[in-house]
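Analysis of the macromolecular model
The chain contents come next:
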Amino acid sequence: MSANDALHIAVLAGDGIGPEVMAPALEVLRKIEATSTLKFRFTEAPAGANNYLATGKSMPDSTVRLCDEADAILLGACGLPAVRYPDNTEIMPQVELRFHFDLYAGVRPARLIPGVPSPIVGADTRGIDLVVIRESTEGLFASMGKGVVTQDDARETLVITRKTSERLFEFSFRLAERRKARGRPGALTCVDKANVFKAFAFFREMFDDAAKRHPEVRADRLYVDACSAMLVKRPWDFDVMVMENMFGDILSDMTAGLIGGMGMAPSADIGDRYAVFQPCHGTAPDIMGQGKANPTGMILSAAMMLDWLADKHGLEAAAEQGERIERAVDRVYADGIKPMEFGGSNGTSDIAKAVLAAL
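Structure report, in brief. (Residues numbered from 1 in each chain as written. Predicted model: local features only at pLDDT ≥ 70, side-chain atom pairs only at ≥ 80, totals over all residues. Heavy atoms only, no water.)

Let us now look at the packing of aromatic side chains. In this structure the tally under the stated criterion is ten aromatic pairs. With a centroid separation of 5.6 Å and an interplanar angle of 25°, the aromatic rings of Phe-40 and Phe-42 are classed as stacked. In this structure Phe-40 comes out as buried when scored by relative accessible area, which is 8%. Taking 5.4 Å as the distance between ring centres and 25° as the angle between the ring planes, the aromatic pair formed by Phe-173 and Phe-207 counts as stacked. With Phe-173 in helix α6 (residues 162-181) and Phe-207 in helix α7 (residues 198-213), the pair connects residues that are 34 residues apart, well separated along the chain. Given a relative accessible area of 0%, Phe-173 falls into the buried group. Using a relative accessible area of 0% as the deciding quantity, one classes Phe-207 as buried. Grouped by ring-pair contacts, the aromatic residues Phe-169, Phe-173, Phe-197, Phe-200, Phe-203, Phe-207 and Phe-247 constitute a single cluster. Directly above the ring of Phe-141 sits Arg-134, whose terminal nitrogen or CZ lies 5.0 Å from the centroid. (Phe/Tyr/Trp six-rings, centres within 6.5 Å; stacked < 30°, edge-to-face > 60°. Buried < 20%, exposed > 50% of the residue type's maximum accessible area, 1.4 Å probe, protein only. Helix = DSSP H or I, 4+ residues; strand = E, 2+ residues; numbered from the N terminus. Lys NZ or Arg CZ within 6 Å of the ring centre and 35° of its normal.)

Structure representation (structure tokens):
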């Protein structure tokens, strides 16, 4: 805990619509502070494409030090398509933070909120409430910046290690156990391509070993292609899924599409000590500065942050306030608010005001 029992939050608003969705999330947290026993200390710091344009670095050293010292990191969205490194890759401090702080568990919940349209027939009555856990430091992303390109071919190397995978599976089984205690099925599905690649057979073997240590969780295995087909037919059959980095990058975006869009989807990247919380969406420069951005994913990411802080510090009040934010979001959507993201007329300000009022 930080000085004076205030939770110290590093705030990296980022680029594009990042600052626009961060502002409502901070308003929500300030209202939580004003109406509960929780106290916060927010410290803002630069990161992203604009900082790269100004300084030649995605983040100054002071931002990294702040993140190291804070109790949690709240991130808006970083990167702009037109701003790139010399190798033509985008500026992505959000990915750099995962490597720097060993944030191996990317947690991507996908819950269909009442009143939000889903493209899946039957979802309005059956519901969707699942979690994609994406390994966030290895897999194909371990090759980021290290690929070899010649005139005739290009090669990237996928990496899966025992140390990271075993921690990832323990984290995933514990999450499934906690969800079971809260009334969910308590099932965990390993998503891989173990029928083709040795690396994924190795991945599944470690999953099987972890499953023996957690017999109270139903352990399933699916190939990624079959899983993709099942997700768009019967997403309500899934509870928690765990997978390699690139597979998780793709399937977490797909599951966000099942619950109304990227603007509805929160996320966290969690390690043994540190955690970053951010919406799944990008910087959306096409709507930047127009008041159209949906802040729901950012607000729900703040709620996830409170739940993690509750577990980290034994603060029951933080978990309660995280649930309070989720209930407020549910209420405003059930009452008919509709973001521009899926054809409505409600912009950033409308959604923020509604959630604050529901609190």
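Okay, back to it.
For the rest of this paragraph, the subject is the nonpolar core. In this structure, Ile-9, Leu-74, Met-241, Phe-277, Met-305 and Tyr-333 are the most contacted members of the largest nonpolar core, which totals 98 residues. Top contributing element to this core by residue count: helix α10 (residues 296-313), with eleven residues. Apart from the residues lying within four places of it in its own chain, the contact partners of Met-241 are Leu-130, Val-131, Val-132, Ile-133, Leu-188, Thr-189, Val-191, Cys-227 and Leu-231. (Core = buried A, V, L, I, M, F, W, Y, C linked by side-chain atoms within 4.5 Å. Contact = heavy atoms within 4.5 Å.)

Next up on the list: a negative patch on the surface. The grouping of Glu-316, Glu-320, Glu-323 and Glu-326 at the surface amounts to a negative patch. On the secondary structure map, Glu-316 appears in helix α11 (residues 316-334). (Patch = residues over 30% accessible without salt bridge, like charges linked within 9 Å, V, L, I, M, F, W, Y side chains within 5 Å. Areas by Shrake-Rupley, 256 points an atom, 1.4 Å probe, with all protein chains shown as cover. Salt bridge = Lys/Arg side-chain N within 4 Å of Asp/Glu carboxyl O. Lys, Arg positive; Asp, Glu negative; His and termini not counted. Charge placed at Lys NZ, Arg CZ, Asp CG, Glu CD.)

It is worth stressing that arrangement in space is one thing and function is another; only the former is reported here.
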